[in-house]
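# Tertiary structure, described
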Amino acid sequence: MIKEAQIRESYEVEQVRREFPILRREVKGKPLIYFDNAATTQKPQQVIDALTGYYTGYNANIHRGIHTLAEEATAAFENTRDAVQRFIGADSREEIIFTRGTTEGINLVAYTWGRQNIKAGDEIIISAMEHHSNIVPWQVLCEEKGAKLKVIPVNEKGELLFEEYIKLLGPRTKMVSVVHASNALGTINPVRQIIDAAHKAGAVTLIDGAQSTAHLDINVRDLDCDFFALSAHKLYGPTGTGVLYGKKELLEAMPVFQGGGEMIKEVSFEKTTYNQLPYKYEAGTPNIADTIAFKAALDFIYRIGKEQIRRHEEDLLGYATAQLRAIRGLKIIGEAAEKTSVISFVVDNAHPQDLGILLDNQGIAVRTGHHCTQPLMDFFCIPGTTRASFAAYNTRAEIDELAAGLQKAIKLLS
Ligand code: PLP
């Protein structure tokens, strides 16, 4: 495997940083420290070059053209499909559907598979730590069909209560849709076991991989999930493109999502027949440039080494956890045994938004608020948190700056 072969002995973070032009900029007169990676990662030069390369070299619409530019653009676009297939270990390229991102992937399943398979009285299971993108589409479906949404509870550490999940499963369970890694807490869920139990109960499974794909090795075949949704922009790729993986037999049986160009075989006013997979779910001109550049992001990850990035992020998480725990009045929200590189916290007598503004004044970008997980914030009885999330280019020195910046902010707010 390329991935294994390319793991380097030591991690040269300064070398990685040089690949990200944005890290050279200043914010409020200070060098940018970017800790909002769970919202979106920064983009390496390779991705930016792929974007400009397409627009300056071979911009054309794909699939139907016979001229050179159209053929080059189609080949580059379809190369990304092959790269994603390898990246997530899918059986075939037909199982890789390009979407706008995780949100659209989940909506696609709710609108197609959901409308075909969910009836009154059926049950859909999600968890208490879902992003709104993995709550609302199922809520809408349940309302329309008279089905019921059931929620796996979490404990104070922000871990799913597996025994409670098993109790929720039953003959009426038709879908289990859970997040692989929580964007708000970092918790990594035991999705393999969740999927196994769902399958034993006869349910179909969807994994929200928005936060896991950048940090964990994903193999959809090993996971045996039925659907897996991801966003390119969370793994060093462009915004506005992502993937829905689905098992071929399910994708073939599902009704179409959007109608339009590309997803048809033949159209007449009497009857339209649909294109084969994966094009059946790709109506209209797709986001060609960003999808092409998505492959450059995957190439970047392979070149640096996913295992190397993971180890680096683990080191940053451990270091930051120790640093932040030492700050008086600061409480970390989400202390699961298995976490991605996300630290959410609250500080006594300091509103997360005020902390965020004071950190921004020091050039430090963090996210504040409910992180699109309002029910989870309700569980912790807080309006929101301040969240620092780390990526391949972050350093321990930046975490020192965060800790010092927080001390300064807390003093100003007290
Ligand atoms: N699910 C999780 C866990 C997320 O963190 C996000 C984005 O933050 C999403 C879904 C939605 O992703 P997107 O906005 O790229 O569709």
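Residues numbered from 1 in each chain as written. Predicted model: local features only at pLDDT ≥ 70, side-chain atom pairs only at ≥ 80, totals over all residues. Heavy atoms only, no water.

### A look at the site of the ligand
Using the following cut-off: Each residue is tested against the molecule or strand, and it is near if at least one of its non-hydrogen atoms lies within 4 Å. Two N or O atoms form a polar contact when they lie within 3.5 Å of each other; inside protein one atom must be a possible hydrogen donor and the other a possible acceptor, and for residues adjacent in sequence the pair counts only when both atoms belong to side chains. Method for areas: the Shrake-Rupley scheme with a 1.4 Å probe, in which residue coverage is limited to the protein chains shown. Classes in brief: Ala, Val, Leu, Ile, Met, Phe, Trp, Tyr, Cys and Pro nonpolar; Asp, Glu, Lys and Arg charged; the others, Gly included, polar.
In the neighbourhood of the ligand, the contacting residues comprise Thr-102, Thr-103, His-131, Ser-133, Val-179, Asn-183, Asp-208, Ala-210, Gln-211, Ser-231, His-233 and Lys-234. Ser-231 is positioned such that a nitrogen or oxygen atom in its side chain is 2.7 Å from an oxygen atom of the ligand. A distance of 2.8 Å separates an oxygen atom of the ligand from a polar side-chain atom of His-233. Alone, the ligand offers 390 Å² of accessible surface; in the complex the protein occludes 85% of this. Among the residues forming the shell around the ligand, the class breakdown is 2 nonpolar, 8 polar and 2 charged.

### Description of a nonpolar patch on the surface
Here is the rule we go by: Residues enter patches when they are more than 30% accessible in relative terms and free of salt bridges; like-charged ones are connected within 9 Å and nonpolar ones (Val, Leu, Ile, Met, Phe, Trp, Tyr) within 5 Å. Criterion for a salt bridge: a side-chain nitrogen of Lys or Arg within 4 Å of a carboxyl oxygen of Asp or Glu. Here a helix means four or more residues in a row that DSSP labels H or I, a strand means two or more in a row labelled E, and each is numbered from the N terminus. Type-normalised accessible area, obtained with a 1.4 Å probe on protein chains alone, sets the label of each residue: buried when under 20%, exposed when over 50%, and partly exposed for intermediate values.
A surface patch of nonpolar side chains, about 230 Å² in accessible area, is lined by Tyr-111, Val-136 and Val-140. In this structure, Tyr-111 sits in helix 5 (residues 102–117). Classification of Tyr-111 by relative accessible area gives partly exposed; the value is 39%.

### Topic: unusual backbone geometry
Backbone phi values are negative for most residues with the exception of glycine, while trans is the configuration of most peptide bonds. Following Leu-277, the chain continues to Pro-278 via a peptide bond in cis, the omega torsion being 0 degrees. When you line up the elements, Pro-278 lands in the loop between strand 12 (272–274) and helix 11 (288–304). Within the chain, Asp-224 stands out as a residue other than glycine whose phi angle is a positive 65 degrees. Note on Asp-224: relative accessible area 27%, which makes it partly exposed. The phi dihedral of Cys-372 falls on the positive side, at around 60 degrees, and the residue is not glycine. Within the element layout of this structure, Cys-372 appears in the loop between strand 16 (367–369) and helix 14 (374–379).

### Quick word on the sheet that holds strand 17 (residues 385–389)
The following threshold applies: At least two DSSP bridges between two strands are needed for those strands to be called paired. Convention adopted: a line fitted to C-alpha atoms gives each axis, helices being fitted over their contacting stretch, and angles between N-to-C directions are expressed from 0 to 180 degrees. Contacts are assigned to residue pairs with any non-hydrogen atoms lying within 4.5 Å of each other.
Sheet architecture is open: 4 strands sit in the order 13-14-17-16, paired in antiparallel fashion. The open sheet is flanked by strand 13 (330–333) and strand 16, the only strands paired with a single partner. Strand-to-strand twist of the sheet, defined as the mean angle between neighbouring strand axes without regard to direction, takes the value 30 degrees. One ladder, built from 4 bridges, connects strand 13 with strand 14 (residues 342–347); its direction is antiparallel. Of the residues in strand 14, the one forming a bridge with Leu-330 is Val-347. Contacts from helix 12 (residues 306–325) reach strand 13 and strand 14, with the element oriented near 10 degrees to strand 14.

### Structural notes on the pairing of strand 6 (residues 148–152)
Applied cut-off: Handedness of a crossover: with both strands directed away from the viewer, a clockwise path from the first strand across the helix to the second marks it as right-handed.
Bridge count between strand 5 (residues 123–127) and strand 6: 5 bridges; the pairing is parallel. Counted as the bridge partner of Ile-124 is Leu-149 from strand 6. Handedness of the crossover joining strand 5 and strand 6 through helix 6 (residues 136–145): right-handed.

### What about helix 5?
Here is the rule: Multiply 1.5 Å by the residue count of a helix minus one, and that product is the helix's expected span.
Its 16 residues give helix 5 an end-to-end C-alpha distance of 21 Å, which sits within 8% of 22 Å, the value for a rise of 1.5 Å per residue. Among the residues of helix 5, those classed as buried are Thr-102, Glu-104, Gly-105, Ile-106, Asn-107, Leu-108, Val-109, Ala-110, Thr-112, Trp-113 and Gly-114.

### Observations regarding the sheet that holds strand 5
Strand-to-strand pairing in sheets goes through backbone hydrogen bonds, with the strands running parallel or antiparallel. Ordered in space as 4-10-9-8-7-5-6, the 7 strands form an open sheet in which the pairing is mixed. Looking at strand neighbours, the two that pair on one side only are strand 4 (96–99) and strand 6, the edges of this open sheet. Here the strands of the sheet are splayed against their neighbours by 20 degrees on average, with no regard to which way each runs. Examined bridge by bridge, strand 9 (residues 227–231) and strand 10 (residues 242–246) share 5 bridges and lie antiparallel to one another. The residue bridging Ala-229 from the neighbouring strand is Leu-244, located in strand 10.

### Observations concerning the pattern of salt bridges
Across all of its chains, the model carries 26 salt bridges by this definition. The partner of Asp-36 in a salt bridge is Arg-387, and the shortest N-O contact between them spans 3.5 Å. With Asp-36 in the loop between strand 3 (33–34) and helix 3 (45–58) and Arg-387 in strand 17, the pair connects residues that are 351 residues apart, well separated along the chain. Arg-387 carries the same exposure label as Asp-36, and that label is buried. Note that Arg-221 is salt-bridged to Asp-91, the shortest N-O span being 2.9 Å. With a gap of 130 residues between them, Arg-221 in helix 9 (residues 220–223) and Asp-91 in the loop between helix 4 (68–88) and strand 4 connect regions that are remote in the sequence.

### Some thoughts on the nonpolar core
What counts is decided by this rule: We call a set of buried residues a nonpolar core when its members are Ala, Val, Leu, Ile, Met, Phe, Trp, Tyr or Cys and they connect through side-chain atoms within 4.5 Å of each other. Those domain boundaries reflect an automatic or database domain assignment.
Ile-88, Tyr-165, Val-176, Phe-228, Tyr-236 and Phe-294 are the most contacted members of the largest nonpolar core, which has 84 residues in total. Residue contributions to this core reach at least three from each of two domains, namely domain 1 (4–43 + 306–413) and domain 2 (49–302). Other than its neighbours up to four places away in sequence, Tyr-165 contacts Ile-125, Ile-152, Val-176, Ile-194, Ala-197 and Ala-198. In terms of nonpolar packing, the next biggest core, distinct from the first, is built from 26 residues, Ile-327, Ile-332, Ala-350 and Val-366 among them.

### Some points on the domain arrangement of the protein chain
Convention followed: Here the quantity called buried area is the accessible surface, traced with a 1.4 Å probe, that two parts lose on coming together, added over both.
Per the domain assignment, the segments of the protein chain are domain 1 (4–43 + 306–413) and domain 2 (49–302). Centre-to-centre separation of domain 1 and domain 2, based on C-alpha positions: 27 Å. Contacts between the two partners involve 40 residues from domain 1, matched on the other side by 37 residues from domain 2. Taken together, the two surfaces of domain 1 and domain 2 that pack against each other cover about 3000 Å², and 56% of this comes from carbon and sulfur. When the buried surface of domain 1 facing domain 2 is broken down by residue, Lys-306, Thr-340 and Leu-376 rank first, second and third, together holding 22% of it. Run the count over domain 1 and domain 2 and you get 23 residue pairs in polar contact (both at pLDDT 80 or more). For the side of domain 1 that touches domain 2, the element with the most residues is helix 14, which contributes 5 residues. Residue composition of the side of domain 1 that touches domain 2, by class: 19 nonpolar, 12 polar and 9 charged.

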